[in-house]
Amino acid sequence: AQRVTQPEKLLSVFKGAPVELKCNYSYSGSPELFWYVQYSRQRLQLLLRHISRESIKGFTADLNKGETSFHLKKPFAQEEDSAMYYCALSGTGTASKLTFGTGTRLQVTL
Amino acid sequence: GAGVSQSPSNKVTEKGKDVELRCDPISGHTALYWYRQSLGQGLEFLIYFQGNSAPDKSGLPSDRFSAERTGGSVSTLTIQRTQQEDSAVYLCASSIRGGSFSYEQYFGPGTRLTVT
């Protein structure tokens, strides 16, 4: 069975501080990992995916197969980063259906 | 262009009644997904449609839940004899296609279902 764990329900940081949203997964094959974000009163949207290896809005995430982790990082948090963040996994041959974590609310304060 | 739309945005129903939730995917998207988000839970996969293939119903929690997709476009999720534990936000997503490669899924605004 595949599973995604986000241990923090809420992460509160000051503006300009580094951010790390944790995500661990369990899956026996080669997964695809994603981060989705939901800003206040907006739809859930894709932030980034590990195969793209790109930085979006200053966020990066590296897939660590040894630690089965896909933590989301940003060196300097901005107020507009405040949102709900979901880590998700798609398994090989699972027709792209996503398994989501329970989400972490990031709160960036002045 | 227009994104994924869902209706109604909110639905309050009495326990035991049937409800229908509608999803209009992005035009041209052949893959359509339904997810559910219960209070304090992550999003839970329910069902997946890809073109004319048989749907993947592996996530449906009970036989009270069913879904169909007419003409490869609009989808309806039906919950019969609703129970209080069915209260959740039901999200629909579409992607240009499904399959072994994960194309980006675009989500609708959701339908908040409350069973009283």
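Residues numbered from 1 in each chain as written. Chains lettered and ligands numbered in written order. Predicted model: local features only at pLDDT ≥ 70, side-chain atom pairs only at ≥ 80, totals over all residues. Heavy atoms only, no water.

Asks: Just give me the short version of the interface of chain A and chain B, but keep the residues and values in it.
Replies: In this assembly, 17 residues from chain A lie in contact with 24 residues from chain B. At the surface where chain A touches chain B, the tally comes to one salt bridge. Across the pair K97 of chain A and D56 of chain B runs a salt bridge, and its minimum N-O distance is 2.8 Å. At the boundary of chain A with chain B, the tally comes to six residue pairs in polar contact (both at pLDDT 80 or more). Among the elements of the structure, strand 5 (32-38), strand 6 (45-49) and strand 9 (83-90) of chain A are those that each provide at least two residues to the side of chain A that touches chain B. Take the side of chain A that touches chain B: its biggest share by element is three residues, from strand 5 of chain A. Tallied by class, the residues present in the side of chain A that touches chain B amount to nine nonpolar, four polar and four charged. (Contact = heavy atoms within 4.5 Å. Salt bridge = Lys/Arg side-chain N within 4 Å of Asp/Glu carboxyl O. Polar contact = N/O pair within 3.5 Å; in protein donor to acceptor, adjacent residues only side chain to side chain. Helix = DSSP H or I, 4+ residues; strand = E, 2+ residues; numbered from the N terminus. Nonpolar A, V, L, I, M, F, W, Y, C, P; charged D, E, K, R; others polar.)

Asks: Tell me what's going on with the side chain of D86 of chain B, and back it up with residues and numbers.
Replies: Residue and element names in this part refer to chain B. In this structure, D86 sits in the loop between strand 7 (75-79) and strand 8 (88-95). Reaching out from D86, the side chain makes a polar contact with the side chain of R64 at a distance of 2.8 Å. When near neighbours in sequence (up to four residues on either side) are disregarded, D86 contacts R36, R64, F65, I79, L113 and V115.

Asks: Residue-level account of the state of the cysteines, with values.
Replies: Residues and elements named next belong to chain A. Applying the stated criterion across every chain, the model contains two disulfides over all chains. Residue C23 pairs covalently with C87 via a disulfide, S to S 2.0 Å. Here the disulfide of C23 and C87 is left-handed, its torsion about the S-S bond being about -65°. With C23 in the loop between strand 3 (19-21) and strand 4 (24-26) and C87 in strand 9, this residue pair connects regions lying 64 residues apart in the sequence. (Disulfide = S-S within 2.5 Å.)

Asks: So, the side chain of S95 of chain B: which residues are in play, and what are the values?
Replies: By secondary structure assignment, the location of S95 of chain B is in strand 8. Once residues within four sequence positions are removed from consideration, S95 of chain B is found in contact with H29, T30, A31, Y33, Y103, E104 and Q105 of chain B.

Asks: Could you give me a rundown of the sheet that holds strand 7 of chain B, with the residues and numbers involved?
Replies: Residue and element names in this part refer to chain B. The strand order across the open sheet formed by four strands is 1-3-7-6, and the pairing between neighbours is antiparallel. What marks the edges here is a single partner per strand, and that holds for strand 1 (5-7) and strand 6 (65-69). Direction aside, neighbouring strands of the sheet carry axes that sit 15° apart on average. (Pairing = 2+ DSSP bridges. Axes fitted to C-alpha atoms, helices over the stretch in contact; angles between N-to-C directions.)

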